[in-house]
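# Observations on the model geometry
In case you want the letters, here they are:
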Amino acid sequence: MEKTKKPSRQQVYTLVVQIGRKEGDGLPDGASGAALMCFASGVDEAEAVRETVAILKQADTAPLDVTGYGTLAEREAEGHEISDEERDLMQRALEENAVIVAQMTPFFDDVSKEG
């Protein structure tokens, strides 16, 4: 009897990671840090967070905080609108057992204030 491949227990989680500045981090000049929206695979959200932080550290960034927004099904249940592009990236993260940075938003301190 041929055994069929067991379905993966991996799921993809949407995470937003705030990073600080670190030499060689690739952030724009003047940025004080950034928020990265990531899609990360894991058997649970804790594993997805650990993998994401480890990979971002390897990429010479300084992760400060991670906020989890759940799986695709959890986000849909909460009424989040999820674009086809996001769905494609989530599928890719699952297939490749990867962490994908889908969006990077740099933070800039308002240094024009004097006084």
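Residues numbered from 1 in each chain as written. Predicted model: local features only at pLDDT ≥ 70, side-chain atom pairs only at ≥ 80, totals over all residues. Heavy atoms only, no water.

### A closer look at the overall build of the protein chain
Our working definition: Working definition: helices are DSSP H or I runs of at least four residues, strands are E runs of at least two. Numbering for both runs from the N terminus. Any residue under 20% of the maximum accessible area for its type is buried, any over 50% is exposed, and the rest in between are partly exposed; the area is computed with a 1.4 Å probe on protein chains only. In these tables, accessible area is a Shrake-Rupley quantity obtained with a 1.4 Å probe, and a residue counts as shielded only by the protein chains included in the view.
For the protein chain, the count of helices and strands is three helices and four strands. Starting at the N terminus, the α and β elements of the protein chain follow one another as β-β-α-β-α-α-β. Relative to its 115 residues, the protein chain shows a buried fraction of 31%. Within the structure as shown, the protein chain displays about 7,900 Å² of accessible surface, and the carbon and sulfur contribution to it stands at 47%.

### Overview of the pattern of salt bridges
Convention followed: The term salt bridge refers to a pairing of a side-chain nitrogen on Lys or Arg with a carboxyl oxygen on Asp or Glu at a separation within 4 Å.
Counted according to the given criterion, the structure contains five salt bridges. One salt bridge connects Asp60 with Lys22, and the closest N-O pair in it is separated by 3.9 Å. Of this pair, Asp60 sits in the loop between α1 (45–58) and β3 (62–71) while Lys22 sits in the loop between β1 (11–20) and β2 (31–42), and the two are 38 residues apart along the sequence. For Lys22, a relative accessible area of 35% gives the class partly exposed. The partner of Arg92 in a salt bridge is Glu96, with the nearest N and O atoms 3.2 Å apart. Of this pair, Arg92 and Glu96 both sit in helix α3 (residues 84–96), four residues apart, which is roughly one turn of the helix. A relative accessible area of 41% means that Arg92 is categorised as partly exposed. The exposure class assigned to Glu96 is partly exposed, which follows from its relative accessible area of 47%.

### With respect to the side chain of Asp25
Formally: N or O atoms closer than or at 3.5 Å make up a polar contact, with two conditions inside protein: a donor-capable atom paired with an acceptor-capable one, and, for residues adjacent in sequence, both atoms drawn from side chains.
Relative to the assigned elements, Asp25 resides in the loop between β1 and β2. The exposure class assigned to Asp25 is buried, which follows from its relative accessible area of 10%. A distance of 2.9 Å separates polar atoms of two side chains, one belonging to Asp25 and the other to Arg21. Looking at Asp25, its side chain comes within polar contact range of the main-chain nitrogen of Leu27, at 3.0 Å.

### Details of α3
Put simply, the test is: How far a helix is expected to stretch is found by multiplying one less than its residue total by 1.5 Å. This arc is taken over the directions from the axis of the helix to the C-beta atoms. Between two residues, a contact is recorded if the distance between any of their heavy atoms is within 4.5 Å.
Counted at 1.5 Å a residue, the expected span for α3 with its 13 residues is 18 Å, and the 18 Å between its end C-alpha atoms agrees. All buried positions along α3 are accounted for by Glu86, Leu89, Met90 and Ala93. Projected onto a plane normal to the axis of α3, the buried residues spread over an arc of 100 degrees and lie on a single side. Along α3, exposed side chains directed more than 90 degrees from the buried face belong to Asp84, Asp88 and Glu95. Close packing links the buried residues of α3 with β1, β2, α2 (72–77) and β4 (99–108). Looking at the residues trailing α3, positive phi occurs at Asn97, about 50 degrees.

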